[in-house]
Amino acid sequence: MHLAAADLDADSTYRLLSGIVVPRPIAWVTTQSSTGLVNLAPFSCYTFVCNRPPMLGITFGRKAGVRKDSATHILDSREYVVNIGTFAQREQVHASSEEHPADVSETDLLGLATLPSQVVGVPRLADAPISMECRLRQVVPFGELGSEFFVGEVVSFHIREGLYRDGKIDTRELDPICRIGGPNYASLGEIVTLKHVAATPRGATAS
């Protein structure tokens, strides 16, 4: 089967790519409006882009040409928190994706408690096993429909006791939720450990 990308409309392309690029981690993002209202939404076009300093990237699309509340808040305050949801929290993660008027707080609507952050002014989710406080560093526009790639520097990590062992996250214990195509989610499933391969240390610089 062959599909010419130029023959696909935006919705068809989204459905195709979101079913191909799987599984995707989910950034469960808390932001705050200028009036103090806390917004919460999940974004699965998300990755880390740098380890020194630690930086995360999230793609924010638009609806009918209008930025989502999360993106608007980040541009205004230049601060946000990326929370990691677990598979056990899938119902709350999914429910937080529903669109609401700008004056509705998803954390209040879903009864999700928040805690003050350590560095940024935006609160984090109390029940998230990991939260990463971020400050916006760069916004890169892409495509014809107003998509924007937000890059933020992580300025503080919050990690639930017991998840951080020997300098690494116990991924099996974390049990993060994954996004696949449509309203479908997954857990990690089987984890297979292979032998280490030789590699240059990530902090090494050219002499």
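Residues numbered from 1 in each chain as written. Predicted model: local features only at pLDDT ≥ 70, side-chain atom pairs only at ≥ 80, totals over all residues. Heavy atoms only, no water.

A. Representation of the overall build of the protein chain within the structure. A tally of regular secondary structure across the protein chain gives five helices and 16 strands. A compact globule built from 207 residues should have a C-alpha radius of gyration of about 17 Å, and the protein chain, at 18 Å, falls within 12% of that. Expressed along its principal axes, the backbone C-alpha trace of the protein chain runs to roughly 50 × 50 × 40 Å. Relative to its 207 residues, the protein chain shows a buried fraction of 34%. Sequence separation of 24 or more characterises 62% of the internal contacts of the protein chain that already satisfy a separation of 6 or more. With the model as given, the accessible surface of the protein chain reaches about 12,900 Å², and the carbon-plus-sulfur share is 53%. Averaging the positions of the 19 positive and the 23 negative side-chain charges in the protein chain gives two centres separated by 8 Å. (Helix = DSSP H or I, 4+ residues; strand = E, 2+ residues; numbered from the N terminus. Rg over C-alpha atoms; globule rule 2.2 N^0.38 Å. Buried < 20%, exposed > 50% of the residue type's maximum accessible area, 1.4 Å probe, protein only. Contact = heavy atoms within 4.5 Å. Areas by Shrake-Rupley, 256 points an atom, 1.4 Å probe, with all protein chains shown as cover. Lys, Arg positive; Asp, Glu negative; His and termini not counted. Charge placed at Lys NZ, Arg CZ, Asp CG, Glu CD.)

B. Representation of the pairing of strand S12 (residues 147-159) within the structure. As judged from the six bridges shared by strand S5 (residues 54-60) and S12, these two strands associate in the antiparallel manner. Looking at the pairing, Gly57 lines up with Val151 of S12. Looking at chain direction, strand S11 (residues 130-142) and S12 are connected through 12 bridges and run antiparallel. If you follow Glu133 over to S12, its bridge partner there is Ser156. Taking the residues that link successive antiparallel strands as the turn, the S11-S12 hairpin has four residues, and the phi of Gly143 there is positive, at about 75 degrees. (Pairing = 2+ DSSP bridges.)

C. Summary view of the sheet that holds strand S3 (residues 38-43). Taken together, the seven strands give an open sheet; going across it, the order is S3-S2-S8-S11-S12-S5-S4, and neighbouring strands pair in antiparallel fashion. Strands at the two margins of the open sheet, each flanked by one partner only, are S3 and strand S4 (46-51). Recorded for the sheet is a direction-independent mean angle of 35 degrees between the axes of neighbouring strands. Sheet topology places strand S2 (residues 27-32) next to strand S8 (residues 79-84); three bridges connect them, and they run antiparallel. Bridging from a neighbouring strand, Trp28 pairs with Asn83 of S8. (Axes fitted to C-alpha atoms, helices over the stretch in contact; angles between N-to-C directions.)

D. How the structure looks around the packing of aromatic side chains. Overall, the coordinates contain two aromatic pairs when judged by the stated rule. Ring pairing ties together the aromatic residues Phe43, Phe60 and Phe150, which thus form one cluster. Over the aromatic face of Phe87 sits the side chain of Arg90, whose NZ or CZ is 4.3 Å from the ring centroid. (Phe/Tyr/Trp six-rings, centres within 6.5 Å; stacked < 30°, edge-to-face > 60°. Lys NZ or Arg CZ within 6 Å of the ring centre and 35° of its normal.)

E. Spotlight on the pairing of S2. For S2, the tally of buried residues reaches five of six residues, placing the bulk of the element in the interior. The loop that links S2 with its antiparallel partner S3 comprises five residues; one of these, Gly36, has a positive phi angle of about 95 degrees.

F. The sheet that holds strand S16 (residues 185-186), seen in detail. Taken in spatial order, the three strands line up as S1-S15-S16 in an open sheet, and their pairing is antiparallel. Each end of this open sheet is capped by a strand with a single partner; those strands are strand S1 (24-25) and S16. In the sheet, S1 pairs with strand S15 (residues 178-179) via two bridges, with the strands oriented antiparallel. Along S15, the bridge assignment pairs Arg24 with Arg179.

G. Looking closely at helix H2 (residues 69-77). Among all positions in H2, only Ser70, Ala71, His73 and Ile74 are buried. Down the axis of H2, the buried set is contained in an arc of 165 degrees. They therefore lie on one face. Arg78 sits one or two residues past H2 and shows a positive phi near 65 degrees. (Arc of directions from axis to C-beta.)

H. A look at empty space enclosed by the protein. Overall, the coordinates contain one cavity of 30 Å³ or more when judged by the stated rule. Every residue along the wall of the largest cavity is listed here: Trp28, Gln89, Leu112, Ala113, Leu125, Ala126, Asp127 and Ala128. Among the residues making up the lining of the largest cavity, the classes are represented as six nonpolar, one polar and one charged. (1 Å grid on protein atoms, 1.4 Å probe; cavity = no way out; pocket = protein on both sides within 12 Å on 5 of 7 lines; lining within 4 Å. Points joined across faces, edges and corners; volume = space filled by probe spheres on them. Nonpolar A, V, L, I, M, F, W, Y, C, P; charged D, E, K, R; others polar.)

I. Representation of the nonpolar core. In terms of nonpolar packing, the biggest core is built from 21 residues, with Tyr46, Ile58, Tyr80, Val82 and Met132 touching the most fellow members. Among the elements of the structure, S2, S3, S5, H2, S8, S11 and S12 are those that each provide at least two residues to this core. When residues in this core are grouped by element, the largest group, four residues, is from S11. Here Met132 is in contact with Tyr46, Leu56, Tyr80, Val81, Val82, Ile84, Val154, Ser156 and Phe157, once residues within four sequence places are set aside. Within the second largest apolar cluster, nine residues are counted, among which are Ile26, Leu112, Leu125 and Ile177. (Core = buried A, V, L, I, M, F, W, Y, C linked by side-chain atoms within 4.5 Å.)

By themselves, these figures tell us nothing about what the structure is for.
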